[in-house]
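# Overview (structure and organization)
Below, each chain spelled out in residue letters.
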Amino acid sequence: MSFSSLSYLLILLFAGSHEQSNEENIELHVVSYEEFETFVNATGYVTDAEKYGWSFVQKDVYNFEVVEGATWCKPDGENTPSSKQLPVTQVSYNDAIAYCEWSDSRLPSYEEYWELIKIDNRPIVTDNNNPIKAINEANVLGNVWEITATTIGDSTRLAGGSVFCSKETCHGTSKDRELFVDKQTGNLHIGFAVIKKSS
């Protein structure tokens, strides 16, 4: 991730926790701060944002800042999340892959993501109407963008939109909306969901 990513990310911005598929016997689970903390404590893993010492902090759909010290444990650079059941953010594709390898799970492809969220009837947190909610209180769609396994070169496709999206801007609740970020990028409103075999 480099400062050259700033313009790239900004251009792209304009351009509940699990749902189960009975047919395939798998479920889509949004990874919480608590779950990622358990992973870090068990492995000593260091995220991309921690290596760089800074990350992107989105203020709204149009504006973001590069903030020193913004990481998964202090997403805004200053405060720890108010609840450990919030989705983990300030994580990159690389970080998500490392978590998957540890947890025996995997990222969904972009197409799998949209198939697995079809049965989620919880409220969609978007349009700047609410803060980010706990993973069990919000539709997987919305709340935070999710990293997927769908990649092009050094970029990964995000799915689902976030609290900052609206129909007039980066409305990720539309499947046709395209948003790619590089594999090292974290952000205050980017997290990830994993596919697990359902019990």
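These remarks concern the structure in this document. This is a predicted model, so every value here is computed, not measured. (Residues numbered from 1 in each chain as written. Predicted model: local features only at pLDDT ≥ 70, side-chain atom pairs only at ≥ 80, totals over all residues. Heavy atoms only, no water.)

## Description of the environment of I135
- Within the secondary structure, I135 sits in the loop between α5 (110-116) and β5 (145-152).
- For the pair I135 and K84, spaced 51 residues apart in sequence, the C-alpha separation works out to 9.7 Å. (Helix = DSSP H or I, 4+ residues; strand = E, 2+ residues; numbered from the N terminus.)

## Looking at the nonpolar core
- Within the largest apolar cluster, 30 residues are counted, with the highest numbers of intra-cluster contacts made by F36, I147 and F192.
- Taken together, the elements giving at least two residues each to this core come down to α2 (33-43), α4 (93-103), β5 and β8 (190-197).
- Top contributing element to this core by residue count: α4, with five residues.
- Beyond its immediate chain neighbours, meaning those up to four positions away, F36 contacts V31, T47, W72, V88, V91, D95, Y99 and F192. (Core = buried A, V, L, I, M, F, W, Y, C linked by side-chain atoms within 4.5 Å. Buried < 20%, exposed > 50% of the residue type's maximum accessible area, 1.4 Å probe, protein only. Contact = heavy atoms within 4.5 Å.)

## Quick word on unusual backbone geometry
- A positive phi angle is found at Q90, which is not glycine, with a value near 60 degrees.
- When you line up the elements, Q90 lands in the loop between β4 (64-68) and α4.
- With a phi angle near 55 degrees, D104 is a residue other than glycine that sits in the positive phi range.
- Structurally, D104 can be placed in the loop between α4 and α5.
- Under the relative-accessibility criterion, D104 is labelled exposed at 74%.

## Some remarks on α2
- Within α2, burial applies to Y33, F36, E37, F39 and V40. Seen end-on, α2 carries its buried residues on one side only, within an arc spanning 160 degrees. With respect to the buried face of α2, the exposed residues turned more than 90 degrees away are N41 and A42.
- In the core, the buried residues of α2 are packed alongside α4 and β8. (Arc of directions from axis to C-beta.)

## Comments concerning the packing of aromatic side chains
- Summed over all chains, the structure comprises 15 aromatic pairs.
- Centroid distance F36 to W72: 5.4 Å. Interplanar angle 65 degrees. Geometry classified as edge-to-face. With F36 in helix α2 and W72 in the loop between β4 and α4, this pair connects stretches of sequence that are 36 residues apart.
- Judged by relative accessible area, W72 falls into the buried class, the value being 6%.
- Note on Y99 and W102: the rings are 5.8 Å apart at their centroids and 55 degrees apart in plane angle, and the pair reads as tilted. In this pair, Y99 and W102 are both assigned in helix α4, three residues apart and thus about one turn of the helix distant.
- Taken together through their ring pairs, the aromatic side chains of Y33, F36, F39, Y45, W72, Y99, W102 and F192 make up a single cluster.
- Above the face of the Y110 ring, R157 is positioned so that its terminal group lies 3.6 Å from the ring centre. (Phe/Tyr/Trp six-rings, centres within 6.5 Å; stacked < 30°, edge-to-face > 60°. Lys NZ or Arg CZ within 6 Å of the ring centre and 35° of its normal.)

## Observations concerning α4
- Along α4, the residues classified as buried are Y93, D95, A96, A98, Y99, C100 and S103.
- Here the buried face of α4 lies against α2, α3 (48-52), β5, β6 (155-159) and β8.
- Put simply, S92 is the residue that caps the front of α4, since its side-chain oxygen is 3.3 Å from the backbone nitrogen of N94.
- Of the residues flanking the end of α4, it is D104, one or two places downstream, whose phi is positive at about 55 degrees. (Polar contact = N/O pair within 3.5 Å; in protein donor to acceptor, adjacent residues only side chain to side chain.)

## A look at the environment of N25
- Its place among the elements puts N25 in the loop between β1 (18-21) and β2 (26-30).
- The class of N25 is partly exposed, set by a relative accessible area of 43%.

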